[in-house]
Amino acid sequence: MSGTAVCLGETMAQVTPADGEGLERSRELRLAVAGAESTVAQYLADLGHEAAWVSRVGDDPFGRRIVAAVASRGVRVDGVLADPAAPTGVYFKDPGPDGTRVHYYRAGSAASRMTPADADRVDLTDVRLLHLTGITPALSDGCAELVDALMKRAADSGTSVSFDVNYRPALWSSREAAADALRALTRRADVVLVGRDEAETLWGTATAEDVREHLAPRGILVVKDGDVGATEFDAEGAAGGSEFVAAPVVDVVEAVGAGDAFAAGYLSGLLDGSTSAERLALGHRLAGRTLRSIEDYVPATTQEH
């Protein structure tokens, strides 16, 4: 497949109480689609880019629903394999007065069975950007090997790699294992996105500047600091240093999915050749849409530019 961007990773069926009540009390549940990488692909397609999503889903109703939903947003899905031997992952949102908790049922999912052989379905010809996250290498040894293989292939083909750290503690054997693996992957990417809070959890870095000093990335680094703002650091050796853009004030309904929306907005600006400030601002605008919604993905339009 060719185009502007390829995003690879697991997408799951998402179950949410329709009335906003917790799972213990709600009488109606709503079924949706959610996955970090496919969310980024959908936003990129919304914003006028050619985007493809690559993954595995189960050969089941959830998998078919997911593929149809992502394809309906204009994302290419010919790189998605339906696995008859494993199910599509499912996760549940459980809203409450102290925030939303998330319960994952993804062990043994079709996506977790991906291996380097799945790289054969990723054609990087004419692809400008390969988007990966730290979720995929945590799913299984095979998935970690796939990420390694794709990063090598991207380096050989001249395709830029964006890597969103997306630390999920429940997927890793220990924080130390995650810290080492994710640090190594950030140093191989051309664009790294990481939350200041997750960086502090992983590496003990208190500020955006500390994150840059610790990771010493070879490419662009974007450190997101919640409702404070986001800082972009130039690639090593580039002129200009850093750029900070404050986050707009938003009445937050739910934070789940905002990081992926920010990543998509930022990467869209990068693909369009926008300035650092413009792409950070676009990231904030898309994140704001998600923060004001209970949905992980809130369709955007080219008017967001």
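Placed above this text is the structure.
Computed from a predicted structure; not experimentally measured. (Residues numbered from 1 in each chain as written. Predicted model: local features only at pLDDT ≥ 70, side-chain atom pairs only at ≥ 80, totals over all residues. Heavy atoms only, no water.)

1. A short note on the sheet that holds strand β6 (residues 90-96)
For clarity, the threshold we go by: Two strands form a pair only when DSSP identifies at least two bridges running between them. For helices the rule is a DSSP run of H or I covering at least 4 residues; for strands it is a run of E covering at least 2, with both sets numbered from the N terminus onward. Inter-axis angles, ranging from 0 to 180 degrees, are taken between N-to-C directions of lines fitted to C-alpha atoms, where helices are fitted over the stretch in contact. Every residue pair with non-hydrogen atoms within 4.5 Å of one another is taken to be in contact.
Strand order in the open sheet formed by 4 strands is β3-β2-β6-β7, and the pairing between neighbours is mixed. Edge positions in the sheet fall to β3 (29-34) and β7 (99-105), since each of these pairs with one other strand and no more. Strand-to-strand twist across the sheet, computed as the mean angle between neighbouring axes with direction ignored, equals 25 degrees. Looking at chain direction, β6 and β7 are connected through 7 bridges and run antiparallel. The residue of β7 that forms the bridge with Val-90 is Tyr-105. Against the sheet, helix α2 (residues 61-72) engages β2 (12-17), β3 and β6, with an angle of about 60 degrees to β3.

2. A few points about the packing of aromatic side chains
Stated precisely, the cut-off is as follows: Pairing of aromatic side chains here covers Phe, Tyr and the six-membered ring of Trp, requires ring centres within 6.5 Å, and sorts the geometry by plane angle: under 30 degrees stacked, over 60 edge-to-face, intermediate tilted. Think of it in three bands: with a 1.4 Å probe and only protein chains considered, a residue is buried below 20% of the maximum accessible area for its type, exposed above 50%, and partly exposed in between.
One pass over the full model with this rule turns up 3 aromatic pairs. Residues Tyr-91 and Tyr-104 carry aromatic rings whose centres are separated by 5.2 Å and whose planes lie at 35 degrees to one another, so their mutual orientation is tilted. Placement of Tyr-91 in strand β6 and of Tyr-104 in strand β7 is noted, with a sequence separation of 13 residues between them. Aromatic pair Phe-92 and Tyr-105: ring centres 5.6 Å apart, planes at 85 degrees, arrangement edge-to-face. Taken as a pair, Phe-92 in strand β6 and Tyr-105 in strand β7 lie far apart in primary sequence, 13 residues in all. Among the residues examined, Tyr-105 registers a relative accessible area of 55% and is labelled exposed.

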